[in-house]
Amino acid sequence: MTDPHPGACASRRRHPLPEPGHVTPAQTLQWLAAGWRMFTARPGVWMIQTVILIVILSALGFVPFLGWAVAPLAFPVLVAGMLAGAQAVDRGQALRIDHLFDGLRRHAGNLLMIGAFHLFGALLAALIAAAVGGSAALTGMLVGAFAGMGLAAGGMMLAVVVFTVLWVLLVMALWFAPALVMLQDVSPLDAMKLSAQACLSNLLTFVVLGVILYVLTWVAMLPAGLGMLILVLVLAGALYAAWQDTFAERPALPPPPHLRTGPQSGARPRPRVIDRMQVRQLPLARGFAWLGEGLVIWRRNPALLTFASLGYLLMLVLLSVVPLIGQPLASLLMPVFSLGVLNTCREIDAGRKAGPDVLFSGFQQNLRGLVTIGALYLAGSLLVLFLTSIADGGTLLQIMTGGEKVDPEAAAVAPGFTFALLIAIALSTPVMMAYWFAPILAGWWNIPPQKAMFFSFIACLRNWRPFLAYSVALMVFCVLLPGLVIGMLGLVSPTLATLFSVPLPVLLIPIVFASFYANARDVFRDALDERREP
């Protein structure tokens, strides 16, 4: 007998339920690598999304009487939004901040139902565990004496075990549920069933993933918990990658952004102008103009340039306070964030719209080369400090590395200290010349780090006259004149001098950073004219 309405079943079920596939423990590292790659594709937007997510969940948690229940309800909705952002990055589309709220726009009801199951499951697990522990404690009270104490303690341990098992099962049911609802339009109950089935059928894989995440969580907590911001973002990309490998048909690990958008997906990006790059030799007067041109760039978009400049300094400070590895890590990433500030200046100079995430754009432009430049600059700086030890017995080295607190007056009269300072100035100057343009050369033209530092040194050497004038301009307009004005105001009113001096760095620092871009634009103008795309 034939069905008179053959499309009825199809209308009730829009598509067949996806079947979970088999994944291996080795793929867990690929998922985390995919998450890291998605994060580095647009780190600024991801960071803003994470901050918004934390603020929303924290605010919901403070809702009187209902905060403890509202936050778990909203959590799957926000996770689904981050997964929608990961899918956009994977498809080569632009990541937007409002991707975080895609779950509200597309599947709010089903995602809130998953949140309700999350809340109900957590409460049920707690009640069952409490019942087990309470019954054991009650029985122990009836038995009395030592036997009762042992029975009560054993019951409490059993309650902890029961709660842990139930909680793990709940996490398994929730793990893929937002992705299945958001990305494959599966109903909430089916999504939780499929998620639990996928985790149980690949138990060893997800046990390995759990162990790795446990270790990474402790590592991320070391820098005052700041690493958790990045770990949350990487975990969102890893969850998307795990969903692809488990329920989708295509591999999870996306190609790097520069390979995905380039004209040849399998080709390695090659330097475009390196073979014919010419360094312009400029007159002395150009050095005085660079600071003024920096002021012009700042006036075009003061808010963005101030954010990028102060954000650069803040990121280096936050990195430097990480115990043991903070100072070297900040030195390694200094060229990366420096390129982000210079990219900000370039976008403003070209009249293009850019967001705060441009500060992190250096992570997408020859990252390995930029980190290598940071390592070489760090090694050169340390070598200079070690050489000064010959003159002062290591006093300057200890001061610069924070190994010893020295009274400035005592250091000034210490034998050899002045000579050590002169040695440091003389030797650090070529190191700074080699670093000055290196991040731009490596980031914008993919020049290898050693060649980038060599070209930077040659560019500074050929333009020593304008750089000398530039140094004088910086000294006069950023040190002497502000100091003179603050001193005169201090004679009139110390409060007035303080009010003038506090906002002064916020004004001067972005202008100085913009002047760095101005001298790079001037020295390499011919190469920049050939480089049309950002």
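Located above this text is the structure these notes cover.
All of the points below concern the structure found in this document. (Residues numbered from 1 in each chain as written. Predicted model: local features only at pLDDT ≥ 70, side-chain atom pairs only at ≥ 80, totals over all residues. Heavy atoms only, no water.)

1. Let's talk about the overall build of the protein chain
Selection rule: Counting from the N terminus, the helices are DSSP H or I runs at least four residues long and the strands are E runs at least two residues long. Only protein chains enter the area calculation, which uses a 1.4 Å probe; residues under 20% of their type maximum are buried, those over 50% are exposed, and those in between are partly exposed. Any pair of residues with heavy atoms lying within 4.5 Å of one another is described as a contacting pair. For every accessible area listed, the method is Shrake-Rupley and the probe measures 1.4 Å; residues are considered covered only by the protein chains on display.
Of regular secondary structure, the protein chain possesses 25 helices and 0 strands. Per-residue burial over the protein chain gives 43% buried out of 534 residues. Partitioning the contacts of the protein chain with sequence separation of at least 6, the portion at a separation of at least 24 is 72%. Looking at the protein chain as shown, the accessible area adds up to about 28,000 Å², and 72% of this sits on carbon and sulfur atoms.

2. A closer look at the packing of aromatic side chains
Worth spelling out the cut-off: Two rings from Phe, Tyr or Trp (for Trp, the six-membered ring) form a pair when their centres are within 6.5 Å of each other. A pair whose planes differ by under 30 degrees is stacked, one over 60 is edge-to-face, and the rest are tilted.
Inspection of every chain in the model, using the stated rule, returns 23 aromatic pairs. Centroid distance Trp 175 to Phe 176: 6.4 Å. Interplanar angle 80°. Geometry classified as edge-to-face. By relative accessible area, Phe 176 is classed as buried at 0%. For the pair Phe 454 and Phe 455, a centre-to-centre distance of 5.9 Å together with 50° between the ring planes defines the contact as tilted. Overall, Phe 455 belongs to the partly exposed group, its relative accessible area being 23%. What links up through ring pairs into an aromatic cluster is the set Trp 290, Tyr 312, Trp 436, Phe 437, Trp 444, Trp 445, Phe 467, Tyr 470, Phe 513, Phe 516, Tyr 517 and Phe 524.

3. Points about helix H20 (residues 438–445)
Among the 8 residues that make up H20, 8 are buried, leaving the element largely enclosed by the rest of the structure. Along H20, the positions that sit buried rather than exposed are Ala 438, Pro 439, Ile 440, Leu 441, Ala 442, Gly 443, Trp 444 and Trp 445. Following H20 by one or two positions, Asn 446 has its phi on the positive side, about 55°.

4. Section: unusual backbone geometry
The phi angle of most residues is negative, glycine excepted, and most peptide bonds adopt the trans form. The phi torsion at Asp 185 lies on the positive side, around 55°, for a residue other than glycine. Within the chain, Asn 366 stands out as a residue other than glycine whose phi angle is a positive 55°. Mapped onto the elements, Asn 366 comes out in the loop between helix H15 (326–350) and helix H16 (367–392). Looking at Asn 366, the relative accessible area reads 24%, which means it is partly exposed.

5. Digging into the environment of Gly 380
Of note, Gly 380 is situated in helix H16. Placed 50 residues apart in sequence, Gly 380 and Pro 430 show a C-alpha to C-alpha distance of 9.6 Å.

6. Some details on the pattern of salt bridges
Working definition: two side chains of opposite charge can pair if their charged atoms are close together. Keep this limit in mind: Salt bridge, as used here: a side-chain nitrogen of Lys or Arg that lies within 4 Å of a carboxyl oxygen of Asp or Glu.
All told, the structure shown has 12 salt bridges when counted by the stated rule. Where Asp 349 meets Arg 300, a salt bridge forms, and the shortest distance between an N and an O atom there is 3.1 Å. A residue pair is termed long-range when its members are at least 10 positions apart, and Asp 349 in helix H15 and Arg 300 in helix H13 (residues 285–300) qualify at 49 residues. Owing to a relative accessible area of 23%, Asp 349 belongs among the partly exposed residues under this scheme. With a relative accessible area of 48%, Arg 300 lands in the partly exposed category. With a shortest N-O distance of 3.9 Å, Glu 347 and Arg 346 are connected by a salt bridge. Owing to a relative accessible area of 11%, Glu 347 belongs among the buried residues under this scheme.

7. Some points on the packing of helix H10 (residues 203–221) against helix H11 (residues 227–247)
For clarity, the cut-off: Fitting a line to C-alpha atoms yields each axis, with helices limited to the stretch in contact; the angle taken between N-to-C directions then spans 0 to 180 degrees. Reported orientations rely on four angle classes, namely roughly parallel under 35 degrees, roughly antiparallel over 145, roughly perpendicular from 65 to 115, and oblique for the rest. The sense of a crossing depends on the near helix, which, turned anticlockwise from the far helix by less than a right angle, makes the crossing left-handed and, turned clockwise, makes it right-handed. Lys, Arg, Asp and Glu make up the charged group, whereas Ala, Val, Leu, Ile, Met, Phe, Trp, Tyr, Cys and Pro make up the nonpolar group; the residues left over, Gly among them, are polar.
Relative to each other, H10 and H11 sit at 150°, their axes nearing to 7 Å. Relative to H11, the element H10 is oriented roughly antiparallel. Every pair of crossing elements has a handedness; the one defined by H10 and H11 is right-handed. Here Leu 213, Leu 216, Thr 217, Ala 220 and Met 221 of H10 come into contact with H11, specifically with Gly 227, Met 228, Leu 231 and Leu 235. Across the contact of H10 with H11, the residue classes break down as 7 nonpolar, 2 polar and no charged.

8. Some remarks on the side chain of Ser 338
Inspection of the secondary structure puts Ser 338 in helix H15. Beyond its immediate chain neighbours, meaning those up to four positions away, Ser 338 contacts Tyr 312 and Tyr 435.

9. Some details on the nonpolar core
Most often, soluble globular proteins keep nonpolar side chains buried together rather than apart. Spelled out, the test is: Grouping buried Ala, Val, Leu, Ile, Met, Phe, Trp, Tyr and Cys residues that are joined through side-chain atoms within 4.5 Å yields what is termed a nonpolar core.
Tyr 312, Phe 337, Phe 437 and Phe 524 are the most contacted members of the largest nonpolar core, which has 58 residues in total. Ranked by residues supplied to this core, first place goes to H15 with 10 residues. Core analysis: the second largest hydrophobic core is formed by 57 residues, Ala 41, Leu 95, Ile 114 and Val 181 among them.

10. Quick look at H13
Operational definition: Helix span, expected: 1.5 Å multiplied by one less than the number of residues in the helix.
Here H13 is 16 residues long and its end C-alpha atoms lie 24 Å apart, about the 22 Å a rise of 1.5 Å per residue gives. Inspection of H13 places Gly 287, Trp 290, Leu 291, Glu 293, Gly 294, Ile 297 and Trp 298 among the buried residues, and these make up the whole buried set. Summarising the contacts, the buried residues of H13 are in contact with helix H14 (302–320), H15, helix H22 (464–492) and helix H24 (504–523).

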